[in-house]
Structures are given as C-alpha cells and as structure tokens.
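# Structural features, examined
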Amino acid sequence: MAILAWVMMSLAIWHFTVFLPDREWGGIVGAFVAALVGGVLFGFVVNAFSPPGPGDLSVLTSLEAVPGALLGIALVYWLGVRRERAAPAS
C-alpha cells in the first residue's frame, strides 16, 4: 500500500506541471514518468529500500514521495531546457 500512496502523491504533484512551460524532456509524458519514478525511488530510499508493512502506514507515508517527484520533474525539465538550447536555431 505504501507504493500505491507514493504513486498517487507523485501523480498529484505531476498535475502541477501544467503551470510550467512545456520544456520537459519527453513533454508532459516525460514529466509524468519522471514524477512517478522519482516518487517511488525516493520512497524506497527513505525506507531503506524496503516498503513499509501494513502496520507502518500513515498519512505521512504518502508525503515521502513529494521530494522525489519534484526532483524527477526538475531533472526532466532541466534536460529539456538543455536540449532546447543545444538544438540549432532554425
């Protein structure tokens, strides 16, 4: 259930990318994948690479995914801006 909480929180954070200019590497789908992967990976890192058991779940479990989702989105945004600047002007 912790992984589901991480995925749902990452999905909620991803919805805010609509307010960013579309410069993400892979577009909105790239931001979606990065948010999900970042949130789940960060959740695993916080919990020492082991998902918490059913007795260890709380509301705070879902909040563990927020930094990872933000880092994932920031990474694909940075990669997209870097690729955009490296592309030859037409």
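A brief look at the structure comes next. (Residues numbered from 1 in each chain as written. Predicted model: local features only at pLDDT ≥ 70, side-chain atom pairs only at ≥ 80, totals over all residues. Heavy atoms only, no water.)

## Structural notes on the overall build of the chain
In terms of regular secondary structure, the chain is built from 4 helices and 0 strands. Each helix and strand of the chain, placed in order from N terminus to C terminus, yields the pattern α-α-α-α. Sorting the 90 residues of the chain into buried and exposed places 33% on the buried side. Counting contacts in the chain only where the partners sit at least 6 residues apart, residues at least 24 apart contribute 80% of the total. Carbon and sulfur atoms make up 73% of the accessible area of the chain, which amounts to about 5800 Å² in all. (Helix = DSSP H or I, 4+ residues; strand = E, 2+ residues; numbered from the N terminus. Buried < 20%, exposed > 50% of the residue type's maximum accessible area, 1.4 Å probe, protein only. Contact = heavy atoms within 4.5 Å. Areas by Shrake-Rupley, 256 points an atom, 1.4 Å probe, with all protein chains shown as cover.)

## Some details on helix α4 (residues 66-86)
One full turn of an α-helix is made of 3.6 residues, so residues set three or four places apart face in the same direction. Under the 1.5 Å per step criterion, the end-to-end length of α4 is 30 Å for 21 residues, consistent within 8% with the ideal 30 Å. What α4 keeps buried is the set Gly-68, Ala-69, Gly-72, Ile-73, Val-76, Gly-80 and Val-81. Against α1 (2-14) and α2 (27-46) lie the buried residues of α4. (Expected span 1.5 Å × (residues − 1).)

## What about unusual backbone geometry?
Here Ala-48, not a glycine, exhibits a phi torsion of approximately 60°, which is positive. Tracing the backbone through its elements, the reader meets Ala-48 in the loop between α2 and α3 (59-63). The exposure class of Ala-48 is exposed, given its relative accessible area of 60%. The backbone phi angle of Phe-49 is positive, close to 60°, even though this residue is not glycine. Within the secondary structure, Phe-49 is located in the loop between α2 and α3. Look at Phe-49 and you get exposed, because its relative accessible area is 63%.

## Quick look at the nonpolar core
Nonpolar side chains tend toward joint burial in soluble globular proteins. Among the nonpolar cores identified, the biggest contains 8 residues, and these are Ile-13, Trp-14, Ala-31, Ala-34, Ala-35, Ala-69, Ile-73 and Val-76. When contributions to this core are tallied by element, the ones reaching two or more residues are α1, α2 and α4. Those residues in contact with Ala-35, other than ones at most four positions away along the chain, are Ser-10, Trp-14, Ala-69 and Ile-73. (Core = buried A, V, L, I, M, F, W, Y, C linked by side-chain atoms within 4.5 Å.)

## Structural notes on the packing of α2 against α4
Across the interface, α2 lies against α4 with an axial gap of 7 Å and an inter-helix angle of 140°. Along this stretch, α2 crosses α4, giving a crossing that reads as right-handed. Residues Gly-30, Ala-31, Ala-34, Ala-35, Gly-38, Gly-39 and Phe-42 of α2 form the contact with α4, whose own contacting residues are Pro-67, Gly-68, Ala-69, Gly-72, Ile-73 and Val-76. A breakdown of the residues in the contact of α2 with α4 according to their chemical character gives 8 nonpolar, 5 polar and no charged. (Axes fitted to C-alpha atoms, helices over the stretch in contact; angles between N-to-C directions. Left-handed = near helix turned anticlockwise from the far one by under 90°. Nonpolar A, V, L, I, M, F, W, Y, C, P; charged D, E, K, R; others polar.)

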